[in-house]
Amino acid sequence: MDSTTNMKDIEWARINKDVLGSLETPRITFWIVLAVCSVLVLCGVAAEVYQYNHGLGVALMDRPHFWQLYISNFIFWIGMSHSGTLLSAVLLLTKADWRKPIYRFAEAMTLFSILTAAFFPVIHLGRVWNLYWVLPYPDERGIWPNFRSPLLWDASAIFTYATSSALFLYIGMIPDLAICRDNARGWRKPLYTLMSLGWMGRAREWIAFRKTYVLMGCFLVPLAVSVHSIVASDFAMSIVPDWHITSFPPYFVAGALYSGCAAIITLFVMLRYIFKFEAYMTIDILEKVAKLTFAIAMVWNYLNLSEYASIWYSNDMYEHEVLIQKFIGPYWPVVWGMLLCSTVAPFAMAFKKFRQNLWGMFFLSLVIQLGMWLERFQIVSPSLASNHEPWTWAVVWPGLIQLTITAASFGWFTMLFLIFCKVFPSVSMYEVKELVFHHRRVSARNEIEDLNKEKDDMIRAQEGLA
Amino acid sequence: MSSKSWNRRTFLKAMGLGGAGSALLLSGCGNTDIIDEVDLEVRKEKVEPNVDPQDFVQPGVALYYASTCRMCPAGCNLHARIREARVLKLEGNPGSPVNHGRLCPMGQAGLHAHYNPDRLTKPMMRKGGKLVDVSWDEAMDTLKEKLAKKNSRLAWLNGATSGHHAALTKAYLEEAGSKNFFVFDTLPPAVGHAVNEAMFGNAMPRLDFKKAKLILSFGADFLATWMSPVHFPTQYAEFRQPPRGTLVVAESKMTITGANADRWLGIRPGTEGHLAMALASLLVEDPVYAKRVPKDILAEIKKVDPVEVSKITGVSSERLHKLHHLLTKNSPSMVLSGSSAEGVEYGSETARAVLLLNVILGNVGKTILPRSEAVFPDLMPKMGGWAQLRTFIDGLHGGKFDTVVVFGTNPVYQAPAFMKADKAYAKAGYRISFSMFPDETTMASDLVLPLDSYLEEWNTALPAYSPEDGFVGVQQPVMNPVFGEGTTRPFGDMMLAVIKQMNPKYKTWKDYEAYVRDSLWTMRDAMVKPPVPTVGGETVREAFHNQVLSTGYIRLKTKPARAIKPKLEAINLPEAPKANSKYPFRLLPTARLGLWDGRHANLPWLQELPDQLAEVVWDSWVELHPSTAKKLGGIVTGDVLRVSSASGSVEVKALVTMAIHPDCVAIPLGQGHTEYGRYAKGVGVNPYHILDAKYDAKTGELATFATDVNVVKVADRGSIVTLAHGDLVLENGSNSQAGRTIVKTVTAKQFNRTEEA
Amino acid sequence: MGFGRMLENWAAFRKDDYYDNEPYMWGMAIDLNKCIGCGACVTACYAENNLPVVGKYHYSQGYAMHWMRIERYWDEPDGHADIDISQKPETPMYAHEGTPQEDTVSFPERGAHYIPMLCQQCNHAPCEPVCPVAATYHTPDGLNAQVYNRCIGSRYCGNNCPYKVRYFNFLDFWKENYDGAPLPHPLELQLNPDLSVRSKGVMEKCTFCVQRQRDAKNAAETAGHPNYVEDMSFMTACQQTCPTRAIVFGNMKNPKAEVSKLWASHQVELGRVLQDKTEDVRGYRVLEDLNVEPCIMYMDRVRNIEA
């Protein structure tokens, strides 16, 4: 089916109706899922309170495994946050219109991923209550934080990224919030009225809006790249074997884009199914996202394999040991799992039929996300297990507390996302309208062109005859 | 901080604070009142008042007192660092010829014995079948009632002892008219002592490590558990300076000494004597050596076939000849015999064979040196042995003793099950125990008298091995009793109170402190350099005590030692030990530097110190060679095994290691307590428990290395994937350097070349 | 405390002669020919520095807090066993323990390889730049200092230490002690008041007995020579107790100090990655190739291979 034809036939009022319809009182399933997520979050809180009181020992990390799931979760969630930035900012700048129906929830995903990720550097600290010492404020002791430390860069990077993404999401939502305001009743009305900042859709407002939005997009793209590069430098700036790798920043960014895209696909399929957004989140767009994911998968794979290759050819004894242990040592299930899910599985997307298969892509996206989660884990633990000093080699698997908090993070993210979907429009109405308008213009122009061509043919035929 | 420019030496010299200060500390004005607080939080906050300070207590300034360590019979001298009237750290006494200012892990852990939460603080008596707390008055009255009388059926079992405790005990037993005095300590090599006595005229001749170019040790773990854990390592360090001496160790399970050997010979258990005879037979091929041996013994030696011995011991001919070559090329050498070699039924023969090598090699008079006559024989160390314990227990079983006193030893724990020590002890009429801790013997007693620790009492102690003759270590309290005045008491005070009732002559001394001070004073004329007053106004006596106490030891004049004239006897080694199909493995109950024989199992530092070979903490284990592990069906480290002898069995976790002969399994000593406090109770197993009733033919000592066992796997190792192998906790993740240069090794040749001074 | 002051400090730190005027540079030399692996140094360190005993369960979880530890290996750096090859047809490698070997009986015939491992006080310490709150820094006298009350417990320093000699208080060991009870009375009386007892969440490591250094410096100042501490006038706890005197600690800026003489005679220089030796002398530093500039020199273990 020709999506262009579909698109151009959609009435603007229908767009409003469909999207606003998604904000209706939720069905029972929503409440059940929300309850489950809340329970997970509460378990996580309980686990953290226990850990806070007793110390990190309850998480079963040890020397030499000073870092484990908290850090790998942190990277995973920051990674997932790149999805939105990629879709909203990068594709905005490259003028890819197919992003228009889907970037809203992707941006939301970005914000919530960051909000989830932000917990992990906090709870992984030994003395959480002194967390604020990483802030560069002139304190009474006269000590500044250590600006050479990548963890400190993390703090500012995450903070900047969180605020920028929140702003970006919010600003992009203003026209939509105005639509919501115009159609809302009850508690929603004052909320939307406040948040839409008096948007009336005037030309002046639109011009200012466009400028701001594009500018923020330009700002966000390098920011996203730098944030994840900084997170990568947590590892790359250390001397731990198989962490101290120059290609880690681009590798992490690629991995982030990869897992972000996969998450987009997951939410794409789910939202399309739940809210019946078939008209907007078309198969065509899915296929484009799939192609994008595939491309990024190839980039990530290249960087991954080149990392292995350069370690192998380096002949560095410490790095060799870790690399070999990754494949045949105690953490081999994690590594091979990652390769299966993230290297082998995405080749399914080479087939057009698969790319257009909704549930196939959904399943694949989950597999890829699992693979990328395993990837973050296999970055952290095997290097620490086989470090420079053989006397201290040890194998540690994450304990119940760490797993509970990991599960809680997924619960928290889902909870935030669920609430978002019910309070704010998860499809950008004004952008879809722009898309529809564009398609109409294009098809209208095509029609006129066709008609002109017919006319020309007729005239030519006539002239020919004459 | 201090406003006076004292350093430690001038402080002790000028003030003689060892004497005066501690007297003041003891006299009550130095009450460590922080003890009286119950709440730890409050205690932590309590500050030393400066308005009404205690004498000689300057907050923030450390004092040092000299005393003597009693954690094992070695008797090293120490300096205790005192802050705010309590001892915080123990260091060696730099002037001591025994330990040269150094301490071993047990010495350092003395603080944990001193401050142990499970120390007894109240006397106890058995009433109605249970031990109940009683007052000191009642306890002392009972003690005097039981002991202060003539009683030929009194039996006294003591741990290794020396100095004035030994003298006072002897004096008491004379007054009581009892000849039943037994000394039992597990690790001193009683067989070796007896053989040395017979051959060289002294149970423990002087050894000159520095002179030796080669040391050949048959199971003598001199770097750790043989006699003196600090002294021999200090000498070993000199031995290893260029030109570097060579160390060869022949034993069945690697000890710390074996781990430092240039060549470790894993030898079939019980064949050390045969190896020694084979070496002897190779040596006497040279007439220079042959003529040092009497004809009859020479004939015996010549009958030994090195090829046959090679098969018996498992040491290849090539190794044997190499060792022979080493012995001939490196003179003088030193050949030592240790407990694992002597712990068989022909242990005396083995020791004689080993020590014979010293005679053949001409080491006697060079590295094996004589001792002079004891200046005060009553003070000399009595190391004891299993034979005495056996007599004691047999006596108990036979109902020969009514009142029994136990001090400084724990036979109910140490003795093998077959001796039925607990039942024997139960048979005694009345059982008195002097003890710091609720150990197995103490908890089976009728009257329990809680002791001061060695850091709280006056005493003298002579080292088990002393590099000098006439050396006497002095002990003084370094702080007030931890639990407060009148909770624990010194052994000396209590026995002096008893003996005063029997002989009024002893009333001259108010307490044991006076007794020791007086005794030392009487030894003044016998001293090499009697102290003279150095501070104006000091009397000779004051100077004497101040200087003796600040030095921490005295040196007595000795007569020159008479040269050793070795007395040799025929050596009758049996045929090679035959394999026992029911019990195919020899059990080696090996001592650890740390828990020793089990007396330190209640000290957390020493439980947490990984075994120096096995790296296990807080547990027992059984070591077996990988080929044994394979033979028994693929045992891996952590599996639970049942080790059974004809006398009993224990269940213990396996540790697979190459540092043991395949024909034996080794279980370390030190665990398996059924009492003894929270840190020791219920931890691990005691391998002595399952020993068979085998004795050295000549001395009657228990042959602790002669029991054969079989080994069966009972359970797989646990599935916890941590540093632990199941439930066995090891310190290390890897035994291999994995290609990294962590420990580099060079050859002795290169070392001598580049570092010859 | 202003921005200006921070810049001032930074400028001072970056001057080339920052360390020149400092009279002390603490270093150590450990002779593996003498070390017998007895562990006295380990126990002495526990006693001196208020190290918690964690008990069996926590030890199995990897929470042991021994700032000084004795490592014992069975093989040579190239992985080969210490067996005289001429004697055995196959020379087994020391595979992971528990692997049954061939029927040829093999022993570690040259004994064990012991090495005391403690914080190397690296001059280019990899742990220092990565702490987010600057809780670890390099003192002018060459120590890598750990400031307990600044540490927020991110444990990046522990990861970055190649020797893994940094120990993290995963639990309040003084509360979660062996039997779950607070340090039982009267054991708390043994605690050394010269240094703190660390709470959970704080990283700690060997300090070269900095409290003893401080005392010695104070005594020197009182005695009238503030910039000179006599060699061996104080010792680290491990050095003081070692029965074989394998550990030598001192001021490397004092040419008469024993440690300086040892470093010089073994031709190991502090500021080099690859030492330039003219003779086969024994001194080396562990993991030197990582360019961390450790201040501890080890001297090769020696074995007489003709025995």
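Enquirer: What should I look at first to understand the pattern of salt bridges in this one?
Expert: Side-chain pairing between opposite charges can occur once the charged atoms of the two side chains come close. Counting across every chain of the model gives 69 salt bridges over all chains. When the shortest N-O distance is used, the salt bridge between B:Lys744 and C:Asp300 registers 3.7 Å. Highlighted residues: B:Lys744 in the loop between β25 (708-715) and β26 (745-747) and C:Asp300 in the loop between β10 (296-299) and β11 (301-303), drawn from two different chains. Taking the relative accessible area as the measure of exposure, B:Lys744 reaches 31% and is therefore partly exposed. The partner of C:Glu48 in a salt bridge is C:Arg212, and the shortest N-O contact between them spans 2.8 Å. With C:Glu48 in helix α2 (residues 40-48) and C:Arg212 in helix α5 (residues 210-222), this pair connects stretches of sequence that are 164 residues apart. A residue is classified by how much of its surface remains accessible, and C:Glu48, at 2% relative accessible area, is buried.

Enquirer: Help me out: how do you make sense of the interface of chain C and chain B in this one?
Expert: Interface size is commonly expressed as the accessible surface area that is lost when the partners come together. Between chain C and chain B, the residue contacts involve 97 residues of the former and 114 residues of the latter. When chain C packs against chain B, close to 9400 Å² is buried across both sides, 55% of that on carbon and sulfur atoms. Linking chain C with chain B are 10 salt bridges, by the criterion used here. Its salt-bridge partner being B:Asp619, residue C:Lys56 comes within 2.8 Å of it at the nearest N-O pair. Across the contact surface, chain C and chain B share 47 residue pairs in polar contact (both at pLDDT 80 or more). If you list the elements that add at least two residues to the side of chain C that touches chain B, you get α2, α3 (55-60), β2 (69-73), β3 (113-117), α5, α6 (237-241) and β11 of chain C. Sort the elements by how many residues they give to the side of chain C that touches chain B and α2(C) lands first, with seven residues. Among the residues forming the side of chain C that touches chain B, the class breakdown is 46 nonpolar, 26 polar and 25 charged. The sheet contact formed by β26(B) and β11(C) spans three bridges and is parallel. Paired with B:Val746 across the two strands is C:Val302, which belongs to β11(C).

Enquirer: Which parts of the structure should I look at to understand the interface of chain C and chain A?
Expert: The interface is formed by 53 residues belonging to chain C together with 52 residues belonging to chain A. Summed over both partners, the interface of chain C with chain A comes to about 4300 Å²; 59% of that surface belongs to carbon and sulfur atoms. The interface formed by chain C and chain A holds two salt bridges in total. The salt bridge involving C:Arg150 is made with A:Asp139; its shortest N-O contact spans 4.0 Å.

Enquirer: Which parts of the structure should I look at to understand the packing of aromatic side chains?
Expert: The geometry of an aromatic ring pair is captured by the separation of the ring centres together with the interplanar angle, meaning the angle of the planes. Residues and elements named next belong to chain A. Under the defined criterion, the tally for this structure stands at 81 aromatic pairs over all chains. Each ring, one from Trp-206 and one from Phe-209, has its centre 5.7 Å from the other, and the planes form 85 degrees; the classification is edge-to-face. On the criterion of helical spacing, the pair formed by Trp-206 and Phe-209 is a turn pair, its members being three residues apart in helix α9 (residues 203-236). Residue class for Trp-206 comes out partly exposed when judged on its relative accessible area of 27%. Classification of Phe-209 as buried rests on a relative accessible area of 5%.

Enquirer: What should I look at first to understand the nonpolar core in this one?
Expert: Soluble globular proteins tend to pack their nonpolar side chains together in the buried interior. Membership of the largest hydrophobic core comes to 447 residues, with the highest contact counts inside it found for B:Tyr172, B:Phe218 and B:Phe434. A total of 17 residues in this core trace back to one element, the largest contributor, which is helix α10 (residues 248-275) of chain A. Not counting chain neighbours up to four residues away, the residues in contact with B:Phe218 comprise B:Ala250, B:Glu272, B:Leu275, B:Ala276, B:Leu279, B:Val335, B:Leu336, B:Ser337, B:Gly338, B:Ala341, B:Val354 and B:Leu357. The next biggest cluster of nonpolar side chains, apart from the first, holds 13 residues, and it includes C:Met25, C:Met252, C:Ala257 and C:Met297.

Enquirer: Any chance you could explain the side chain of A:Arg99 here in plain terms?
Expert: Residue and element names in this part refer to chain A. With respect to the helices and strands, Arg-99 occurs in the loop between α4 (69-93) and α5 (103-117). Of note is the side chain of Arg-99, whose polar atom sits 3.4 Å from the backbone oxygen of Ser-88. Setting aside its immediate chain neighbours within four residues, Arg-99 contacts Leu-87, Ser-88, Leu-91, Leu-92, Tyr-213 and Glu-431.

Enquirer: Honestly, the pairing of strand β1 (residues 26-31) of chain C in this entry has me stumped. Any pointers?
Expert: Looking down a regular strand, the side chains alternate between one sheet face and the other. All names here are of chain C. The buried fraction of β1 amounts to six of the six residues, a majority that puts the element mostly inside the structure. Along β1, one buried face is formed by Trp-26, Met-28 and Ile-30 and the opposite face, lined by Gly-27, Ala-29 and Asp-31, is buried too. Alignment of β1 against strand β8 (residues 247-251), held across five bridges, turns out to be antiparallel. Across the sheet, the residue bridging to Gly-27 is Gly-250, located in β8.

Enquirer: Quick question: what am I supposed to make of the environment of A:Val427 here?
Expert: Residue and element names in this part refer to chain A. For Val-427, the location among the structural elements is in the loop between α16 (400-423) and α17 (429-465). Assessed through its relative accessible area of 0%, Val-427 is described here as buried. It is 9.1 Å that separates the C-alpha atoms of Val-427 and Asp-176, two residues lying 251 residues apart in sequence.

Conventions used here
- Residues numbered from 1 in each chain as written.
- Chains lettered and ligands numbered in written order.
- Predicted model: local features only at pLDDT ≥ 70, side-chain atom pairs only at ≥ 80, totals over all residues.
- Heavy atoms only, no water.
- Salt bridge = Lys/Arg side-chain N within 4 Å of Asp/Glu carboxyl O.
- Helix = DSSP H or I, 4+ residues; strand = E, 2+ residues; numbered from the N terminus.
- Buried < 20%, exposed > 50% of the residue type's maximum accessible area, 1.4 Å probe, protein only.
- Contact = heavy atoms within 4.5 Å.
- Buried area = accessible area lost by both parts, 1.4 Å probe.
- Polar contact = N/O pair within 3.5 Å; in protein donor to acceptor, adjacent residues only side chain to side chain.
- Nonpolar A, V, L, I, M, F, W, Y, C, P; charged D, E, K, R; others polar.
- Pairing = 2+ DSSP bridges.
- Phe/Tyr/Trp six-rings, centres within 6.5 Å; stacked < 30°, edge-to-face > 60°.
- Core = buried A, V, L, I, M, F, W, Y, C linked by side-chain atoms within 4.5 Å.

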